[in-house]
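A structural walkthrough
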Amino acid sequence: MKKLGRLEQFLPFVLVAFVVLGWPAGAGSSPTSHAIDLDASQYEFSPGRIEVQQGDYLVINVHSTDVVHGFYLDGYEIEVPVLPAVTERIEFVADTAGKFRFRCSVSCGVLHPFMIGELVVLPNRPFWKAVLITLLALGSFLLYLWQKSQARKSENVQAN
Ligand code: CUA
């Protein structure tokens with residue numbers, strides 16, 4: 001058995017790199033845009049729960065149906081006052097996964113502290129797919145190295 005050249009030794013590694021870098025980008029679903037109409041009224045937001053994927057682009061049109069409210073989003077530190085008859089447009093990329101409360105930030109009555117909604121940003125699936133592919137590729141590369149060392153061992157046994 002002839003010794004592998006330097007280039008041939010690196011070939012599997014190059015292939016692995018190709019798979020890891022190229023595959024996830026092609027297989028992953030691209031970020032989506034969401035246009036959400038959010039009503040603020042005493043004492044709730046409607047919808048009270050917004051669910052998106054990490055990396056999605058959000059346009060939230062928030063408006064009050066009665067008195068002056070406010071919109072404050074935990075984690076993203078977004079705050080806007082919401083006046084009656086004025087639609088506030090909030091745009092941002094949901095780049096952090098997790099559960100975030102949005103709450104009214106203007107005292108609007110006795111139950112103001114309970115005027116709370118929830119933004120759920122689900123972790124990016126393509127990201128975890130990429131992690132899985134990386135682990136699989138690494139595993140097969142290690143297997144390849146192990147097989148090579150086994151082959152070398154049996155060559156040595158034959159030589160002696
Ligand atoms: Cu609505 Cu405070």
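Below or above, wherever it landed, is the structure these notes cover. (Residues numbered from 1 in each chain as written. Predicted model: local features only at pLDDT ≥ 70, side-chain atom pairs only at ≥ 80, totals over all residues. Heavy atoms only, no water.)

Glancing now at the packing of aromatic side chains. Two aromatic rings are characterised by how far apart their centres lie and by the angle between their planes. A complete count under the given rule lists six aromatic pairs for this structure. Measuring from ring centre to ring centre gives 5.1 Å for tyrosine 76 and phenylalanine 100, while their planes differ by 80°; the resulting arrangement is edge-to-face. You can see tyrosine 76 sitting in the loop between β5 (69-73) and β6 (78-82) and its partner phenylalanine 100 sitting in strand β8 (residues 98-103), a full 24 residues away along the chain. Aromatic side chains phenylalanine 141 and tyrosine 144 sit 6.4 Å apart centroid to centroid with 15° between the ring planes, which places their arrangement in the stacked category. (Phe/Tyr/Trp six-rings, centres within 6.5 Å; stacked < 30°, edge-to-face > 60°. Helix = DSSP H or I, 4+ residues; strand = E, 2+ residues; numbered from the N terminus.)

What follows deals with the sheet that holds strand β9 (residues 116-122). Sheet architecture is open: five strands sit in the order β3-β9-β8-β5-β6, paired in mixed fashion. The outermost strands of the open sheet, each flanked by one partner alone, are β3 (49-53) and β6. Taking the axes of each pair of neighbouring strands and ignoring which way they run, one obtains an average angle of 15° across the sheet. The sheet contact formed by β3 and β9 spans five bridges and is parallel. Bridging from a neighbouring strand, isoleucine 50 pairs with leucine 119 of β9. (Pairing = 2+ DSSP bridges. Axes fitted to C-alpha atoms, helices over the stretch in contact; angles between N-to-C directions.)

Another point: the sheet that holds strand β7 (residues 88-93). Pairing within the open sheet is mixed, and its four strands lie in the order β2-β1-β4-β7. Only two strands of the sheet have a single neighbouring strand rather than two, namely β2 (44-46) and β7. Taken pair by pair, the neighbouring strands of this sheet meet at an average axis angle of 25°, ignoring direction. When strand β1 (residues 33-41) meets β2, the two strands line up antiparallel, connected through three bridges. Opposite serine 41, over in β2, you have glutamate 44 as the bridge partner.

It is worth spelling out the nonpolar core at this point. Judged by nonpolar contacts, the single largest core of 25 residues is most densely connected at Ile60, Phe71, Leu73, Tyr76, Phe92 and Leu119. Those elements giving two or more residues to this core turn out to be β1, β3, β4 (57-64), β5, β6, β7, β8 and β9. (Core = buried A, V, L, I, M, F, W, Y, C linked by side-chain atoms within 4.5 Å. Buried < 20%, exposed > 50% of the residue type's maximum accessible area, 1.4 Å probe, protein only.)

Glancing now at the pattern of salt bridges. By the definition in use, this model includes four salt bridges. In this structure, glutamate 118 engages arginine 49 in a salt bridge whose closest nitrogen and oxygen atoms are separated by 3.5 Å. Of this pair, glutamate 118 sits in strand β9 while arginine 49 sits in strand β3, placing them 69 residues apart in sequence. Residues arginine 89 and glutamate 91 are paired through a salt bridge, measuring 2.8 Å at the closest nitrogen-oxygen approach. Overall, the relative accessible area of 40% leaves glutamate 91 in the partly exposed class. (Salt bridge = Lys/Arg side-chain N within 4 Å of Asp/Glu carboxyl O.)

For the rest of this paragraph, the subject is the side chain of serine 64. By secondary structure assignment, the location of serine 64 is in strand β4. Within the structure, the side chain of serine 64 is placed 3.1 Å from the backbone nitrogen of aspartate 66, a separation counted as a polar contact. From its side chain, serine 64 meets the backbone oxygen of valine 67 in a polar contact 2.5 Å long. Contact partners of serine 64, with chain neighbours within four places excluded, come to Ala40, His69, Val82, Leu83, Pro84 and Ala85. (Polar contact = N/O pair within 3.5 Å; in protein donor to acceptor, adjacent residues only side chain to side chain. Contact = heavy atoms within 4.5 Å.)

Bringing the environment of glutamine 54 into the picture now. Along the chain, glutamine 54 turns up in the loop between β3 and β4. Once the C-alpha coordinates of glutamine 54 and threonine 32 are considered, the two residues, 22 residues apart in sequence, prove to be 9.5 Å apart. Side-chain polar atoms of glutamine 54 contact the backbone oxygen of aspartate 95, separated by 3.0 Å.

One can find histidine 112 in the loop between β8 and β9. Overall, the relative accessible area of 17% leaves histidine 112 in the buried class. Not counting residues up to four positions away in its chain, the partners in contact with histidine 112 are Tyr43, Cys104, Ser105, Val106 and Ser107.

The values reported here are purely geometric and, on their own, carry no functional implication.
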